[in-house]
Amino acid sequence: MALLEILVCFICGSILLIYWILSKQFSYFRERGILHDKPNFIFGNIKEYKRTKNIYQILQEYYAKYKGTEKIFGFFLYFQKVVVILDLDLIKDICVKDFGNFTSRGNYYNKKDDPVAAHLFNLDGVDWRKMRTKLTPTFSSGKIKSTFPTIVDVANTLVEVLGDMQNSPLYDTDVGIEIEDLISHYTTDVIGSVAFGLDCGTLKDPNSTFSDIIKKALNFRHNMITVLLAYIFPKVARKLRLKTLTGEVSKFFLNLVRQTVTFREQTGTQRNDFLNLLMELRKSGDLTMEEITAQAYVFFVAGHDTGSSTLTFCLYELALNQDIQNKARSEINEVLSAHKGVLTYEAMADMKYLLQIMYETTRKHAPTVFIARQTAEDYFVPNTDYVIEKGMTVLLPVDAIHHDPDLYPNPKLFDPERFTAAEIQKRHPMAYLAFGRGPRNCIGSRFGKMIVLAGLCLLLKNFKFSATKKTQIPINFSMFTLLRASEEGVNSWIFNKESHTAKNR
Ligand code: HEM
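K.L.:
Explain the coordination of the iron atom of the ligand to me, and be specific about the residues and the numbers.
P.N.:
Here the protein supplies the iron atom of the ligand with just one donor, Cys442 (SG), and that contact is 2.3 Å long. Tracing the sequence through the fold places Cys442 in the loop between helix 19 (421-426) and helix 20 (445-462).

What follows is the structure, encoded as structure tokens:
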């Protein structure tokens, strides 16, 4: 009996303690007079997340509700409190002027036990700054330019594979071809080749080991509980020495880099790729083998889904906007004929309209729907009484800003004219955030643009894209991913047969 009483007391005590902790947490913004919606006791302010809405729809609604009232509002991602920034000048301060207080993203990583996760995207503070300085020369325009022929090679393979699919007896013009996976394989092959010097061959063999490991590396489903715990309770996760990468993925990349580096060193092989540049940093004692692996790995983590989502949604929009597609194709043909029919880096740079299309795609369908920063010290929000306390995460609601009708009238309309030099000039510099801003912006943006533009150029030159009966209009987005993706299992990315053929290359 006594034992039962103790047990009941313990359970009641625990429930009361949890209730007290959560009440305290959820009263945080109210006590400080910061604008917020009353949170749900379990889900915070994202009750609809994964049920009826994805995170960017939720943020868009809050942004529209609060915009014009205050510079910031409080928000609960489950139990985690974050501050969302509404004001573009304040975003500029955070990203640029006061960046010294916002150098971290606050992502969880555990360098000792999980070294491959200690990459540039995750690193914090001083560690991040040192690594960014070492890697910056790797992303200079000269170095990026030298990888262009490799990208074009893979883009040609993409055209070849698509041509084969189109010529297959199984090809159904009513359905078209599901291109999301195909583009994903294109991006895998480009990054594999440029970052690791590997011919991954996933375009030609979608079921290769490499393809499988990349899926596992980019999809945290295999490690969901750990990743969630690490995200919500990073301090506890650090104490428990949790790893966010599975052993299989870590081992795969560590072995891959070690073997390739050893082979190159023994045979004196030099290649025009990022691994070569990383090897030079290792030789000069700047990076260890594990650090090289982590940085090569981040190419996949940060560049794969962003690049393939951009190209996929770009083709989707062009399938629905034939006039824009035709104008792009005319530009491609004109520029190529001025460059003897060869897609060179210089020819690419002359395709101004194509670049506008890429910008408009990343405006309307920004792959990274919000950007995070963490305060190193208390931050006094200029011209207000608010303080964003030390250690707090701030979110820059990229997707919501990109759909603000005051910045982009009729935001659902796909209109590349929004990105002429004159139009860009008229807008606030923080109105476009697809590649981030300030010293912690996307280090691979030039490379990412090249992947998208080279693929787009050769695809439009060789094929015409249009909607079929299976195309989902408007497109539904996945509710389960933080990066933008189409709804799982939707066969929506289509082009049809009334096209040029691969022979026209
Ligand atoms: C269209 C393609 C891409 C888009 C839209 C994109 C977008 C972004 C965004 C929004 C950020 C966060 C910026 C911030 O916090 O201010 C970022 C960071 C980053 N991106 Fe990209 N990215 C793309 C392609 C790539 C590629 C191909 C690479 C490969 C090298 C890459 C590597 C990185 C890295 C390493 C970071 C972290 C930088 C740091 O923390 O210092 N990205 N990217």
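K.L.:
Before we move on, could you go through the site of the ligand and cite the residues and values that matter?
P.N.:
By nearness alone, 27 residues border the ligand, and Trp128, Arg132, Arg373, Arg440 and Cys442 come closest of all. One of the side-chain nitrogen or oxygen atoms of Arg373 is found 2.7 Å away from an oxygen atom of the ligand. Those elements giving two or more residues to the shell around the ligand turn out to be helix 5 (125-135), helix 14 (289-320), strand 3 (371-374) and helix 20. Per-element accounting of the shell around the ligand gives the leading share, six residues, to helix 14. Classifying every residue of the shell around the ligand by side-chain character gives 13 nonpolar, nine polar and five charged.

K.L.:
Break down a nonpolar patch on the surface for me, with residues and values.
P.N.:
Residues Leu4, Leu7, Val8, Phe10, Ile11 and Ile15 make up a contiguous nonpolar surface patch of roughly 610 Å² in combined accessible area. Relative to the elements of secondary structure, Val8 occurs in helix 1 (residues 2-26).

K.L.:
Just give me the short version of the packing of aromatic side chains, but keep the residues and values in it.
P.N.:
In this structure the tally under the stated criterion is 29 aromatic pairs. Taking 4.9 Å as the distance between ring centres and 80° as the angle between the ring planes, the aromatic pair formed by Phe26 and Phe76 counts as edge-to-face. Of this pair, Phe26 sits in helix 1 while Phe76 sits in strand 1 (residues 72-77), and the two are 50 residues apart along the sequence. For Phe26, a relative accessible area of 7% translates into the label buried. Consider the rings of Phe196 and Phe300, whose centres lie 5.6 Å apart with planes at 20°: the pair is stacked. Here Phe196, found in helix 8 (residues 179-196), pairs with Phe300, found in helix 14; they are 104 residues apart in sequence, far enough to count as distant. Each member of the pair, Phe196 as well as Phe300, is classed as buried. Taken together, the ring pairs in this structure connect Phe26, Tyr28, Phe29, Phe41 and Phe76 into an aromatic cluster. Above the plane of the ring of Phe121 lies Arg105, whose end atom (NZ or CZ) is 4.0 Å from the centre.

K.L.:
Report on the side chain of Asn276, specifying residues and quantitative values.
P.N.:
Here Asn276 lies in helix 13 (residues 274-283). The buried category is assigned to Asn276, whose relative accessible area is 8%.

K.L.:
An account of unusual backbone geometry is requested, with residue identities and associated values reported.
P.N.:
In this structure, the amide linkage connecting Ile473 to the following residue, Pro474, adopts the cis form with an omega of -5°. If you trace the backbone, Pro474 turns up in the segment after helix 20. Positive phi, normally seen in glycine, also occurs at Asn383, with a value near 60°. Looking at the element boundaries, Asn383 is found in the loop between strand 4 (379-380) and strand 5 (387-388).

K.L.:
Provide a residue-level description of the sheet that holds strand 3, including the pertinent values.
P.N.:
Spatially, the four strands line up as an open sheet ordered 1-2-6-3, and their pairing is mixed. Each edge of the open sheet carries a strand with a single partner, namely strand 1 and strand 3. Averaged over all neighbouring strand pairs, the angle between strand axes comes to 35°, with direction disregarded. Alignment of strand 1 against strand 2 (residues 80-85), held across six bridges, turns out to be antiparallel. Across the sheet, the residue bridging to Phe75 is Val82, located in strand 2. Running at roughly 150° to strand 1, helix 3 (residues 55-66) makes contact with strand 1 and strand 2 of the sheet.

K.L.:
Please give an account of helix 14 that cites residues and values.
P.N.:
The end-to-end C-alpha distance of helix 14, which contains 32 residues, comes to 47 Å, matching closely the 46 Å that a straight helix rising 1.5 Å per residue would cover. In the structure, helix 14 departs most strongly from a straight axis at Gly303, where the bend amounts to approximately 35°.

K.L.:
Could you give an account of helix 17 (residues 352-364), with specific residues and numbers?
P.N.:
Between its first and last C-alpha atoms helix 17 spans 19 Å; for 13 residues at 1.5 Å apiece the expected length is 18 Å, and the two agree. Counting buried residues along helix 17, eleven of its 13 residues qualify, which places the element largely inside the surrounding structure. Among the residues of helix 17, those classed as buried are Tyr353, Leu354, Gln356, Ile357, Met358, Tyr359, Glu360, Thr361, Thr362, Arg363 and Lys364. Contacts from the buried residues of helix 17 go to helix 14, helix 15 (322-338), helix 16 (345-349), helix 18 (398-402) and helix 20.

Rules of the game
Residues numbered from 1 in each chain as written. Predicted model: local features only at pLDDT ≥ 70, side-chain atom pairs only at ≥ 80, totals over all residues. Heavy atoms only, no water. Donors = N, O, S within 2.8 Å, 3.2 Å for Na, K, Ca; no water. Helix = DSSP H or I, 4+ residues; strand = E, 2+ residues; numbered from the N terminus. Near = heavy atom within 4 Å. Polar contact = N/O pair within 3.5 Å; in protein donor to acceptor, adjacent residues only side chain to side chain. Nonpolar A, V, L, I, M, F, W, Y, C, P; charged D, E, K, R; others polar. Patch = residues over 30% accessible without salt bridge, like charges linked within 9 Å, V, L, I, M, F, W, Y side chains within 5 Å. Areas by Shrake-Rupley, 256 points an atom, 1.4 Å probe, with all protein chains shown as cover. Salt bridge = Lys/Arg side-chain N within 4 Å of Asp/Glu carboxyl O. Phe/Tyr/Trp six-rings, centres within 6.5 Å; stacked < 30°, edge-to-face > 60°. Buried < 20%, exposed > 50% of the residue type's maximum accessible area, 1.4 Å probe, protein only. Lys NZ or Arg CZ within 6 Å of the ring centre and 35° of its normal. Pairing = 2+ DSSP bridges. Axes fitted to C-alpha atoms, helices over the stretch in contact; angles between N-to-C directions. Contact = heavy atoms within 4.5 Å. Expected span 1.5 Å × (residues − 1). Bend = angle between axes of the 7 residues up to and from the residue.

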